[in-house]
Amino acid sequence: NSKIKCLLFDCVLKLQERRRKRKKKRKDSLKMATEHNESEEENQYDNDYFEESTSLLRNSTNSQTIEHRENSGISWYFAVFLIVNAALGAGLLNFAKAFHNAGGIYISTIFHLVLLIIIVGALVILAYCTDKKQSANFQDVVYGMCGKKWQTINSFCIILYMFGCCITFFIIIGDQLDQIISCLYGESSLSNWYFNRKFTISLTSILFILPLCYPRRIDFLTYPSTLAVIAIIYVVILIPIKYAKLNTENVHVRTEPEHWMDIFTVLPVICFGYQCHVNAVPIYACLKRKNLSEFSKSIFVSILIVFSAYTITATFGYMTFGDKIDDDLLKSYDSKDVSVLIAIIMYLIKTYTSYPLNLFCARTAIEGLWIEMKQLDSYSVQRFEKFRRVLIVTIWFFLSLFIALFIPNITIVIHYLGALAGTFMFIFPGLCLMFYALNKDNNVVESINNESMSRRKQNLLLLIAIFYITIGTFIIGLVVTQSFLSDINY
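Within each chain, residue numbers correspond to sequence positions counted from 1 in written order. Only residues with pLDDT of at least 70 are given local features in this predicted model, and only at 80 or more are side-chain atom pairs given and counted; all residues enter the totals for whole chains, interfaces and linings. Neither water nor hydrogens contribute to the side-chain values; these are computed over all heavy atoms in the structure.

Per an unreviewed UniProt entry, the chain goes by the name Amino acid transporter transmembrane domain-containing protein and belongs to Brachionus calyciflorus. UniProt positions are given in the numbering used here, feature names are shortened, and annotations may be inferred rather than shown by experiment. In the Subcellular location (unreviewed entry) part of its UniProt record, the chain is described as follows: "Membrane".

Have a look at this one:
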């Protein structure tokens, strides 16, 4: 019996030991499973965090898009005012002279219309790509369609172009202020320090432009842009009225170019005058209803208004003064005329409101490059956004102002800016369409909603893309060559 009890006791001990081992094994397995789940959660969190950071690197205005969801946004007809304000600028006063240089009204208008069709096509391509990617800025569209390398090139082009535009706006402000002061107080008053060109440009720009440059979102400029469009309408209406009133009997106008190459002299002015492609994408991001249909309405109405404004001022301005027309159309008129003086003031208002639109696009490009170079995470991007915005705007404003104070004429600037505008109007839309047609799916270029397309459609899109890239390359090369030769002769 004692042996049996010992055996039973040993069995019980062994069973308890096995039970303890099983329980421990279960605990260890449960612990390992818990740790694995926690590890997976951490990895998922890291992946989410990485995706968020990557998204912020791709789109430095991502925070604005998030904020936009909380706001109502703007209607398509308010977007029209923003696009028109972005397009209508210094080119308005240079079109009449460009028509003269190109060989007259008829040949220039035909060339203008042909180029306009190509420009509108590029805007439609850009609108389609923007709608597909739901992008917040131009460089983000290029990143989504073409990849990181092209985005970086695009950002540098935007910065360079917008910097030149901002310098041009300051020069125009100086020209208009000089005319106003000369009209009211006489030309001799310009020698006084308080009417000195450098002082008046600096003071008025700091008062009227700088405060409009700091807001975070571009739709803040909706109402100033509306005022600018109303102001420019006055200028456009005044030109044909003056043509009807002034004596134009002895005016000599060209009916054909002296040389067939003269036709292309109008190219930089047209490109500079219609460059609203970079500004159009952030405007799309602020729409209440972000879709291709709404955006297309804004584009077509805007281009119709801009085309009408350019054609009316160029045609009637040129017929009024002929070969004696000035590079700046308003300088051809007598500034002592009250109606002309009001037009100068109106154009001045328009210029004050155009500068912030261009600085906004430059700021997003600089900010995106900054985030990429510093390799900032999402927390740092959000935390220091205000500091970056204020720093970029302040340095940009005063640097462009300083350079503008020592450049007396906008003609040289417009020629080279017209060449650079060709990259946004033709080359980058062409590249976006080409990559979309090829629909490459790799680490950089994303497939567009995994769409499949027929071979015929793909070939057609590739043909259109190559056409735009070729046209853009030709225009840029031609304009740069013409400007260089003109500068040498000058």
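Structure's up, so let's keep going.
**So, the overall build of the chain**
Counting from the N terminus, the helices are DSSP H or I runs at least four residues long and the strands are E runs at least two residues long. Each helix and strand counted, the chain has 18 helices and zero strands in total. Residue burial is assigned from relative accessible area. The probe radius is 1.4 Å, only protein chains are included, and a residue is buried under 20% of its type maximum, exposed over 50%, and partly exposed in between. Counting only residues that meet the buried cut, the chain has 52% of its 490 residues in that class. Areas reported as accessible are Shrake-Rupley estimates using a 1.4 Å probe. Residue values count occlusion only from the protein chains shown. A total accessible area of about 24,000 Å² is found for the chain, and carbon and sulfur atoms account for 63% of it.

**Some details on a nonpolar patch on the surface**
Patch building starts from residues that exceed 30% relative accessible area and form no salt bridge, then joins like charges within 9 Å and nonpolar side chains (Val, Leu, Ile, Met, Phe, Trp, Tyr) within 5 Å. Salt bridges are identified by distance alone: a Lys or Arg side-chain nitrogen within 4 Å of an Asp or Glu carboxyl oxygen. A cluster of nonpolar residues, Trp193, Tyr194, Phe199, Leu203, Leu207 and Phe208, forms a patch on the protein surface that exposes about 660 Å² of accessible area. Position of Leu207 relative to the elements: it lies in helix α8 (residues 197–208).

**Regarding the packing of aromatic side chains**
Any Phe, Tyr or Trp ring, taking Trp's six-membered ring, that has another such ring centre within 6.5 Å forms a pair; planes under 30 degrees apart are called stacked, those over 60 apart edge-to-face, and the others tilted. Under the counting rule described, the total for this entry stands at 30 aromatic pairs. When the centroid spacing of 5.5 Å and the interplanar angle of 70° are considered together, the rings of Tyr161 and Phe424 count as edge-to-face. Pair noted here: Tyr161 is in helix α7 (residues 148–185) and Phe424 is in helix α17 (residues 411–438), with a separation of 263 residues, a long-range link. Both residues of the pair, Tyr161 and Phe424, belong to the buried class. Measuring from ring centre to ring centre gives 6.3 Å for Phe424 and Phe428, while their planes differ by 20°; the resulting arrangement is stacked. Of this pair, Phe424 and Phe428 are both found in helix α17, four residues apart, which corresponds to roughly one turn of the helix. You can call Phe424 buried: its relative accessible area is 0%. Connected via pairs of aromatic rings, a cluster forms that spans Trp76, Tyr77, Phe78, Phe81 and Tyr223.

**Some points on the confidence of the model for the chain**
Looking at the chain, pLDDT values average 80 and 79% of them are 70 or higher. One number per residue, pLDDT, summarises how confident the predictor is, and it ranges from 0 to 100. Should any heavy atoms of two residues lie within 4.5 Å, those residues are counted as being in contact. Every residue in residues 441–450 is under pLDDT 50, and counting partners more than four places away or in other chains gives 21 contacts.

**Notes on α7**
Expected helix span is taken as 1.5 Å per residue step, with the number of steps being one fewer than the number of residues. The first and last C-alpha atoms of α7 sit 55 Å apart over 38 residues, in line with the 56 Å expected at 1.5 Å per residue. Burial runs high along α7: 29 of the 38 residues are buried. Downstream of α7 by one or two residues, Gly186 has phi in the positive range, about 90°.

**Observations concerning the packing of helix α10 (residues 222–245) against helix α14 (residues 338–374)**
Relative to each other, α10 and α14 sit at 145°, their axes nearing to 8 Å. Considering only the axes of α10 and α14, their crossing is left-handed. Contact residues: α10 offers Pro224, Ser225, Leu227, Ala228, Ala231, Ile232, Tyr234, Val235, Leu238 and Lys242, while α14 offers Ser339, Val340, Ile342, Ala343, Met346, Tyr347, Ile349, Lys350, Thr353 and Leu357. Across the contact of α10 with α14, the residue classes break down as 15 nonpolar, three polar and two charged. Only the stretch in contact is used when a helix axis is fitted, and all axes are lines through C-alpha atoms; the angle between N-to-C directions ranges over 0 to 180 degrees. Each crossing gets its hand from how the near helix is turned against the far one by less than a right angle, where anticlockwise is left-handed and clockwise is right-handed. In this classification, the charged set is Asp, Glu, Lys and Arg, the nonpolar set is Ala, Val, Leu, Ile, Met, Phe, Trp, Tyr, Cys and Pro, and all remaining amino acids, among them Gly, are polar.

**Remarks on the pattern of salt bridges**
Opposite charge on two side chains permits pairing when their charged atoms draw close. The full count for this structure, using the stated rule, is ten salt bridges. As a salt-bridge pair, Asp175 and Arg197 come within 3.0 Å of each other at their nearest N and O atoms. Here the residue Asp175 occupies a position in helix α7, and Arg197 occupies one in helix α8, the gap between them amounting to 22 residues. Across the salt bridge formed by Arg254 and Glu258, the nearest N and O atoms sit 3.2 Å from each other. Beyond isolated ion pairs, a larger network of salt bridges with shared partners links Asp175, Asp178 and Arg197.

**Considering the nonpolar core**
If you look at the biggest cluster of nonpolar residues, it comprises 138 residues, and the most contacted ones within it are Phe138, Tyr161, Phe170, Tyr274, Tyr355, Trp396 and Phe426. Of the residues forming this core, the biggest block, 17 residues, is contributed by α7. Setting aside its immediate chain neighbours within four residues, Phe170 contacts Ile201, Ser205, Ile209, Tyr355, Phe397, Ser400, Leu401 and Ala404. Nonpolar core, defined: a set of buried Ala, Val, Leu, Ile, Met, Phe, Trp, Tyr and Cys residues in which side-chain atoms within 4.5 Å join the residues together.

**Some points on helix α6 (residues 138–146)**
Counting buried residues in α6 gives nine out of nine residues, a clear majority hidden from the surface. Every buried residue belonging to α6 is among Phe138, Gln139, Asp140, Val141, Val142, Tyr143, Gly144, Met145 and Cys146, and all of these are buried. A positive backbone phi angle near 110° is found at Gly147, which sits one or two residues after α6.

**Examining the state of the cysteines**
Two cysteine sulfur atoms make up a disulfide if the distance between them is within 2.5 Å. Counting across every chain of the model gives zero disulfides. Unpaired in this structure, Cys146 has its nearest cysteine sulfur neighbour in Cys432, at a distance of 4.0 Å. On the accessibility criterion, Cys146 (5% relative accessible area) is buried.

**Let's talk about the side chain of Ser182**
Checked against the element boundaries, Ser182 lands in helix α7. Here the side chain of Ser182 touches Asp178 through a polar contact of 2.8 Å, landing on its backbone oxygen. If we skip the residues at most four places from it in the chain, Ser182 touches Glu187 and Leu190. Side-chain atoms alone can form a polar contact between residues adjacent in sequence; in general such a contact is a pair of N or O atoms within 3.5 Å, and within protein one must be able to donate a hydrogen while the other accepts it.

**Details of the side chain of Thr130**
Locating Thr130 in the fold gives a position in helix α5 (residues 105–133). The contact partners of Thr130, leaving out residues within four places of it in the chain, are Ser135, Val141, Val281 and Tyr284.

**Focus on the environment of Ile159**
Counting through the fold element by element, Ile159 comes out in helix α7. Relative accessible area serves as the criterion here: at 17%, Ile159 is assigned to the buried category. Note: C-alpha distance between Ile159 and Ile366 (207 residues apart in sequence) is 7.1 Å. Sequence-distant contacts of Ile159, defined by excluding residues within four places in its chain, comprise Ala362, Ala365, Ile366, Leu369 and Trp396.

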